[in-house]
Structures are given as C-alpha cells and as structure tokens.
Amino acid sequence: MTGTVMEAAARTEAAARPMADDLLLDIRGLTKGFTLHAANRRVRGCEDIDLSVARGEFVGVTGRSGSGKSTILKCLYRTNLPESGEIWYDSEAFGCVDLARIDERRMIHLRNYEIGYVSQFLDTVPRTCARDIVLQSAAEAFADPAVAEAETDRMLTHFDFPRPLWDLFPNTFSGGEKLRLNIARAMVKRPRLLLLDEPTASLDNASKLKVRDLIEQLKVSGTTMLGIFHDLEFMEGVCDREYSMQRGGFVA
Ligand SMILES: Nc1ncnc2c1ncn2[C@@H]1O[C@H](COP(=O)(O)OP(=O)(O)OP(=O)(O)O)[C@@H](O)[C@H]1O
Ligand SMILES: [Mg+2]
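Bear in mind the structure is a predicted one, so any value in this text is a computation, not a measurement.

A. Molecular detail of the sheet that holds strand E2 (residues 41-54). Read across the open sheet, the four strands follow the order E2-E1-E4-E5; overall the sheet is antiparallel. In this open sheet, the two strands that pair with only one neighbour each are E2 and strand E5 (95-98). For this sheet the average axis-to-axis angle between neighbouring strands, irrespective of direction, equals 20 degrees. Across five bridges, strand E1 (residues 23-36) lies against strand E4 (residues 84-91) in antiparallel orientation. Paired with Ile-27 across the two strands is Ile-87, which belongs to E4. Running over the sheet, helix H2 (residues 69-76) touches E1, E2 and E4 and is turned about 115 degrees from E1.

Structure below.
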C-alpha cells in the first residue's frame, strides 16, 4: 500500500520534470555553501553546477583541493543537503526523482539498492570485521545468502585483501587497506549509479590497476559512474567526459 502511494508520488514528480531518455542524472544549478556561525563566515562549497550524465557513462571530475568536488558527490548521496538547485535521477524504484528534495525514506532505499558511494575517507563500522562489512553490503543486493558470500569473497580476493585480515576490525588497517575495503563494500552491490571520491588515492600501482579493472567491469555491466580523480590520465580509455573544478564551479 505504502509502496503504491510512494510510486504515485514519484510518478507525479516525474510528470512535473521529465528528463531526456538517455540521461540517468541531470543536475541543474546545484549550490551548497557552509555557514560557520562561530566564525561568522560563509565557506563556498559548490556553486551553480550543471551536469548531466547519460546511462552507462563514466564522467570524471578533477580540480584543486578545496574546489568543491566532494561537496557535489555528498549532495548527490545527500550527506550534504543542497541549498538550491535540482538533482534529477531516474531511479528504478520510483522513476524520475529530485535527490535534493526526495524524502529520507526513499533516499535510504536508493542508498541501499541503487546508488553506491565510495567516500574519500573510510568511516569504519565499529566492531565489525572486514569481511562482514562487505558481506552486509552484499546481502542488501543479493537475496540468496550463498551468492552474497561468494560475491564478498570474490571482491576481497580481487583486491588482494590478505586472508588474515578478513576477520579483523579495520580500525587498525593501513590507509590503502581501508580504501580497498571501502571500494569493495560499494562495488560488491554493482549499483546503478556509483559515486567515487578519489578511489585511487593512497593506493599503490597494482591496487590502482585493480580498481581500474573493476571500474571497467562495472561499466560493461551498465553501471553509470561519476568519479573524482586526482589523476584522470590513469582513467584514460574508461572516462567518457571530464570536468575540471575551480572555486566551486566548472571551468572549460
Ligand atoms: N561540512 C563542512 N563545513 C564547513 N566547510 C566545509 C564542509 N565541507 C566542505 N567544506 C569546505 O568547502 C570547500 C569545498 O570542500 P570539498 O571537500 O568539496 O573540496 P574538494 O574539492 O573535495 O577538496 P579535496 O581535493 O581536498 O578533497 C572547502 O573550502 C571546505 O573547507
Ligand atoms: Mg574531496
């Protein structure tokens, strides 16, 4: 019943703002700044961002530190609440929805089943061992527990995650190990839309190649990706379009 009401609401939103058929994501005028009350200051995050991403496309974003790259991804995943603008996403569950305004319940559903996010820094889950972190994520995507387990092990093996670490808490892991775990957790679900915030930072070359390899596999299987990279040359051949950021906006 609730599903029907939610679907009806989604259809109304879709009718209000249809987007081109080939697009999965259509961002219009996205702005997010931060007010620091104690210092009586306003810090620029991102300003008036327009960006559309076609289904199956891989769009790369580069730019200087502090230019607002992570702010955009956090708005899409709604860990940042946008101040203004629209983020249209053509979801499988609810049709075309504005992620800037969608209710929390539907946003949680999308985070669980459709939109993956590899954050720049791993926020470790307390008292959960490495394998269980990935397995919990896989279990949300695969109903069959045997499949979830097999996909988890495949992912940890792909990233050369040493077996002795599988049943340890990751709070003591190295930066690169945490990052690889973070990527495995997001990628194991094979999300429709994957947001990557510098997924290759602090990785050695062999690990970078593994990430690239998985990104290519996901792309072939139809995942749409928006990724921030320090060095987009590394993604040559996978990246379809590139944007560069400066002071909160895109530059040519
Ligand atoms: N929660 C917050 N509160 C206050 N200011 C913030 C917050 N998040 C980001 N900022 C500020 O917004 C600006 C953009 O930050 P953002 O994290 O998007 O940069 P970035 O381009 O991802 O940088 P980096 O390459 O270093 O990761 C920075 O000046 C940052 O200090
Ligand atoms: Mg960042």
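Having seen the model, we can carry on.
B. The arrangement of the packing of helix H4 (residues 130-141) against helix H5 (residues 145-158) in detail. Direction vectors running N to C along H4 and H5 enclose 130 degrees, while the axes themselves pass 9 Å from each other. As far as their axial angle goes, H5 and H4 are oblique. In this structure, the crossing between H4 and H5 has a hand that is right-handed. The residues of H5 that touch H4, namely those facing Arg-131, Val-134, Leu-135, Ala-138 and Ala-139, are Ala-148, Glu-149, Thr-152, Asp-153 and Leu-156. For the contact of H4 with H5, the class distribution of residues is six nonpolar, one polar and three charged.

C. Representation of the site of ligand 1 in the model. Taken together, 15 residues surround ligand 1, and among them Ser-65, Gly-66, Lys-69, Ser-70 and Thr-71 come closest. One of the side-chain nitrogen or oxygen atoms of Ser-65 is found 2.6 Å away from an oxygen atom of ligand 1. Backbone polar atom of Ser-67 to an oxygen atom of ligand 1: 3.2 Å apart, as the coordinates give it. Notes on ligand 1: free accessible area 640 Å², of which the protein chains cover 65%. Residues that form the shell around ligand 1 fall into these classes: three nonpolar, eight polar and four charged.

D. Local environment of the pattern of salt bridges. Scanning the entire structure with this criterion turns up 17 salt bridges. Across the pair Arg-241 and Glu-57 runs a salt bridge whose closest N-O atoms are separated by 2.8 Å. Of the two residues, Arg-241 sits in strand E9 (residues 241-246) while Glu-57 sits in the loop between E2 and strand E3 (58-63), which places them 184 residues apart along the sequence. On the basis of relative accessibility, which here comes to 13%, the residue Glu-57 falls in the buried class. A salt bridge links Arg-192 to Glu-92, with the nearest nitrogen and oxygen atoms 3.9 Å apart. Of the two residues, Arg-192 sits in the loop between helix H6 (175-187) and strand E7 (193-197) while Glu-92 sits in the loop between E4 and E5, which places them 100 residues apart along the sequence.

Scoring rules and cut-offs
Residues numbered from 1 in each chain as written. Chains lettered and ligands numbered in written order. Predicted model: local features only at pLDDT ≥ 70, side-chain atom pairs only at ≥ 80, totals over all residues. Heavy atoms only, no water. Pairing = 2+ DSSP bridges. Helix = DSSP H or I, 4+ residues; strand = E, 2+ residues; numbered from the N terminus. Axes fitted to C-alpha atoms, helices over the stretch in contact; angles between N-to-C directions. Contact = heavy atoms within 4.5 Å. Parallel < 35°, antiparallel > 145°, perpendicular 65-115°, else oblique. Left-handed = near helix turned anticlockwise from the far one by under 90°. Nonpolar A, V, L, I, M, F, W, Y, C, P; charged D, E, K, R; others polar. Near = heavy atom within 4 Å. Polar contact = N/O pair within 3.5 Å; in protein donor to acceptor, adjacent residues only side chain to side chain. Areas by Shrake-Rupley, 256 points an atom, 1.4 Å probe, with all protein chains shown as cover. Salt bridge = Lys/Arg side-chain N within 4 Å of Asp/Glu carboxyl O. Buried < 20%, exposed > 50% of the residue type's maximum accessible area, 1.4 Å probe, protein only.

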